[in-house]
Amino acid sequence: MASSWSTSRVARAPTVAVGDVTILPILDGELDLPAEEAAPDLPPDARPTALGQPIDPNGRIRLPVICHLVRADGRLILVDAGIGPWRWNGWARGRLDLALGELGVRPEEIDLVVTTHLHADHVGWCAVGGGGRDARPFFPSARYLVARREWEHWFDAARGGDGSVAYLGDAVAPLGRHAALDLVDGEAPITPSLSFVATPGHTPGHVAIGIASGGERALIVGDVTHYRAQLEHPDWSPVWDLDRAMAAVTRERIFRDLEDDPAATLVTSHWPYPGIGRIVRVRGRRVFRGL
Ligand SMILES: [Zn+2]
């Protein structure tokens, strides 16, 4: 499907069509994280080649942070809200706002913001303004959809005094105060073509976003996977997976579901940009074929 989006300088990747739905990956930024956290069970000298992605001299692996702009069923939908403007944890400021500007998309045009989970690199642009009285949803016309299981897990932690989730007060709690939030139970439909798919493990309420249209399908997998080597080694769970065993089971289930289906597209959030393609078997090995 032709789209004016593909001419942008910021969003260099082409729009991907899934039936009547289009998906545009937008790079909000990058995170440089310790490689030993990505694969804690691997011997250190095995990591550089085994992970299949460069590791810098400080032992860090670079993970892109990719948001997805989806047009489906007459609505403009943002899947995950990136790092945002906050500079939490010393991270560089996210660029999603600039990318949307180059695309000619104004924040008020976004109808829905859907989050795969509530980690800081997926909610940064939900609300802006400092977390206090000036805090406001960055997308002022949007409904924000969060899995109820996920919301309850993290806000229970916040109420319990867990300082590591202080970012929720800046970027997520204002959504509730502005009545922009919808908590979603189970694998509910989002629009006729989009639905939540339960993918617990990385976090308790983690969801993937399933897309089905015109006999084709795609899955925006969020943090079901962080790097390509997990295709062959789905049991390599990073320390960022809260339940590493469950995350491995979920990862294998999702890869197996998508592999060798020419109508199925994998859409990733942390693989090298744009991170969209198909999973195929080549001589028994699971291989990624980028689109
Ligand atoms: Zn993430």
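Everything here concerns the structure above.
Note that the structure is predicted; figures quoted are calculated from it, not measured. (Residues numbered from 1 in each chain as written. Predicted model: local features only at pLDDT ≥ 70, side-chain atom pairs only at ≥ 80, totals over all residues.)

Turning to the overall build of the protein, a few remarks are in order. When you go through the protein residue by residue, the secondary structure sums to seven helices and 16 strands. The C-alpha radius of gyration of the protein comes to 18 Å, within 12% of the 19 Å expected for a compact globule of 291 residues. For the protein, the proportion of its 291 residues judged to be buried stands at 43%. Contacts in the protein between residues at least 24 apart in sequence constitute 67% of all its contacts with a sequence separation of at least 6. (Helix = DSSP H or I, 4+ residues; strand = E, 2+ residues; numbered from the N terminus. Rg over C-alpha atoms; globule rule 2.2 N^0.38 Å. Buried ≥ 20, exposed ≤ 12 C-beta atoms within 10 Å, placed from the backbone. Contact = placed C-beta atoms within 7 Å.)

In this section: helix 3 (residues 96-103). Those residues of helix 3 not exposed but buried are Leu96, Ala99, Leu100 and Leu103. Buried positions in helix 3, seen along its axis, are confined to an arc of 100° and lie on one side of it. Contact partners of the buried residues in helix 3: strand 2 (21-34) and strand 3 (60-72). Once helix 3 finishes, Gly104 follows within two positions and takes phi at roughly 80°, a positive value. (Arc of directions from axis to C-beta.)

Now for the environment of Ala208. Note on placement: Ala208 falls in strand 12 (residues 207-213). Between the C-alpha atoms of Ala208 and Pro274, which are 66 residues apart in sequence, the distance is 17 Å. If we skip the residues at most four places from it in the chain, Ala208 touches Thr116, Val197, Thr199, Leu219, Ile220, Val221, Gly222, Val224 and Ile254.

Between Tyr273 and Pro274 the backbone carries a cis peptide bond, its omega angle lying at 5°. Its place among the elements puts Pro274 in the loop between strand 14 (264-267) and strand 15 (276-282). Its identity as a non-glycine residue notwithstanding, Asn89 has a phi of 55°, on the positive side. Inspection of the secondary structure puts Asn89 in the loop between strand 4 (75-79) and helix 3. Residue class for Asn89 comes out exposed when judged on the 11 C-beta atoms lying within 10 Å of it. Although it is not a glycine, Ala179 adopts a positive phi angle of roughly 55°. Of note, Ala179 is situated in the loop between helix 6 (173-177) and strand 9 (181-184). Judged by local crowding, Ala179 falls into the exposed class, with 9 C-beta atoms found within 10 Å.

With that settled, consider the pairing of strand 4. Where strand 3 meets strand 4, five bridges bridge the pair, whose relative direction is antiparallel. For Val70, the partnering residue across the bridge sits in strand 4 and is Ile77. The antiparallel hairpin formed by strand 3 and strand 4 contains two residues in its connecting segment, where Asp73 sits at a positive phi of about 55°. For strand 4 and strand 5 (residues 112-114), the ladder comprises three bridges, and the chain directions are parallel. Each residue of the ladder has a partner; that of Val79, found in strand 5, is Val114. As a crossover connection, the stretch from strand 4 through helix 3 into strand 5 is right-handed. (Pairing = 2+ DSSP bridges. Right-handed = clockwise from strand over helix to strand, strands pointing away.)

So, on to the nonpolar core. By size, the foremost hydrophobic cluster in this structure holds 77 residues, and its most contacted members are Leu78, Val113, Cys126, Ile209 and Leu219. For this core, the leading source of residues is strand 3, giving eight residues. With near-sequence residues (within four places) excluded, Cys126 lies in contact with Ala81, Val113, Pro137, Phe138, Tyr144, Ala171, Val172 and Leu175. (Core = buried A, V, L, I, M, F, W, Y, C linked by C-beta atoms within 7 Å.)

No statement about biological role is implied by the geometric values presented.
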